[in-house]
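Each chain, letter by letter, is given below.
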Amino acid sequence: MPDWNDWLMQPGLTHFLIVSGILFSLGVFAIITRRNAVMVLMGIELILNAANINFVAFSRFTTGAFDGQVIAVFVIILAAAEAAIALAIVLNIYQMFNTVNVDEINLLRD
Amino acid sequence: MELTTIVFYLFAAITLIAGAIVVFSRSVVYSAFALLFTFFGVAGLYVLLMADFLAVTQLMIYVGAILVLLIFGVMLTTRVIDVQMRTGTIQVLPALLIVAALAGVLVHIFVSTDWNVLPEAFAPEQTAPQIGTALLTTYVLPFEVASVILLVALIGAAMIARRERKA
């Protein structure tokens, strides 16, 4: 980095990638530490958003084509489908176990 | 300082601070509402990346559908009167170390790589027509598969959620 101040003043590809990298790490942290299954889902949504920022940023700065944006649309579609299915499963688990803490659902363990 | 720079840092700060609240807040409801601001900040970043159609899609689908679903999930699976609303966390310290290392490695890679950035500015007048054309020409097979997946997800979610409890 030749000129740190100049680099900070010009948001480019790297800035967006750093934001998405930190967002991805936050999502991983939520998945690792939370016991509530709905919170784990929120972590997954954070990760998907981080991946989408990457797609759109690369499409804007390196290819100049719309492929990245189209892939991001597909990611959003799959995120919607995933959220619906996962919430249905979580509701079912809540009916069966009366809890949604992922570490207490250990029916298959013994 | 240019206006774009200020707006970028504003939206980046909204995204990351709300994301941190999502992850570190003790209450699930606070997390769900902070997620709203994360999605909003990401939509702002899309606008800065010349993806206006995607920004509107993000707001409509994530905020309008996925977040509402998640809040339904929170409300239906936590006993509101109980203290159950505060959910526990496990293995925080090792997770913090691993995730900090992960973020450090990622940021280091992003900064040190010499990306092949376009010299000229990418400034399309509108993005919705191009995305629509791409969806129906190059990406027509994934587009059709996505429609089938949405139908399958719809039927599957209804089947799973409506199953009656066995007596």
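Scroll up to find the structure.
Residues numbered from 1 in each chain as written. Chains lettered and ligands numbered in written order. Predicted model: local features only at pLDDT ≥ 70, side-chain atom pairs only at ≥ 80, totals over all residues.

Enquirer: Describe in detail the overall build of chain A, supporting the description with residues and values.
Expert: A count of helical and extended segments in chain A gives four helices and zero strands. Mapped in sequence order, the helices and strands of chain A form the string α-α-α-α. In terms of overall size, chain A is more extended than a compact globule, its C-alpha atoms giving a radius of gyration of 19 Å where 110 residues would be expected to give roughly 13 Å. Projected onto its principal axes, the C-alpha positions of chain A cover 60 × 30 × 20 Å. (Helix = DSSP H or I, 4+ residues; strand = E, 2+ residues; numbered from the N terminus. Rg over C-alpha atoms; globule rule 2.2 N^0.38 Å.)

Enquirer: Give me unusual backbone geometry: which residues, what numbers.
Expert: For Asn 98 of chain A, which is not a glycine, the phi torsion comes out positive at approximately 65°. Turning to its location among the elements, Asn 98 of chain A is positioned in the segment after α4 (67-97). Phi angles above zero are rare outside glycine, and Met 50 of chain B is one such case at about 65°. Summarising the element assignment, Met 50 of chain B is placed in the loop between α2 (28-48) and α3 (52-77). For Met 50 of chain B, a count of 19 C-beta atoms within 10 Å puts it in the partly exposed group. (Buried ≥ 20, exposed ≤ 12 C-beta atoms within 10 Å, placed from the backbone.)

Enquirer: Pulling in residues and values, what's your account of the packing of helix α1 (residues 3-24) of chain B against α2 of chain B?
Expert: Residue and element names in this part refer to chain B. Packing of α1 against α2 brings their axes to within 8 Å, and their N-to-C directions diverge by 155°. Here α2 runs roughly antiparallel to α1, going by the angle between their axes. In this structure, α1 meets α2 at a crossing whose hand is left-handed. In this structure, α1 contributes Thr 4, Val 7, Phe 8, Phe 11, Ile 14, Thr 15, Ala 18, Gly 19, Ile 21 and Val 22 to the contact, and α2 contributes Tyr 30, Ser 31, Ala 34, Leu 35, Phe 37, Thr 38, Phe 40, Gly 41, Val 42, Gly 44, Leu 45 and Leu 48. By residue class, the composition of the contact of α1 with α2 is 15 nonpolar, seven polar and no charged. (Axes fitted to C-alpha atoms, helices over the stretch in contact; angles between N-to-C directions. Parallel < 35°, antiparallel > 145°, perpendicular 65-115°, else oblique. Left-handed = near helix turned anticlockwise from the far one by under 90°. Contact = placed C-beta atoms within 7 Å. Nonpolar A, V, L, I, M, F, W, Y, C, P; charged D, E, K, R; others polar.)

Enquirer: So what's going on with the interface of chain A and chain B? Residues and values would help.
Expert: Residue-level contacts link 62 residues of chain A with 70 residues of chain B. At 21 residues, α4 of chain A tops the list of elements feeding residues into the side of chain A that touches chain B. The residue inventory of the side of chain A that touches chain B, partitioned by class, reads 44 nonpolar, 13 polar and five charged.

Enquirer: An account of the environment of Thr 89 of chain B is needed here, citing residue identities and associated values.
Expert: Here Thr 89 of chain B lies in the loop between α3 and α4 (92-112). In this structure Thr 89 of chain B comes out as partly exposed when scored by C-beta crowding, with 18 C-beta atoms within 10 Å. Taking C-alpha positions, Thr 89 of chain B is 9.4 Å from Phe 24 of chain B, a pair spaced 65 residues apart along the chain. Leaving out residues up to four positions away in the same chain, Thr 89 of chain B has contacts with Thr 33, Arg 34 and Arg 35 of chain A.

Enquirer: Residues and numbers for α4 of chain A, please.
Expert: When the terminal C-alpha atoms of α4 of chain A are compared, their 44 Å separation across 31 residues agrees well with the 45 Å that a helix rising 1.5 Å per residue should span. Two residues or fewer after α4 of chain A comes Asn 98 of chain A, characterised by a positive phi angle close to 65°. (Expected span 1.5 Å × (residues − 1).)

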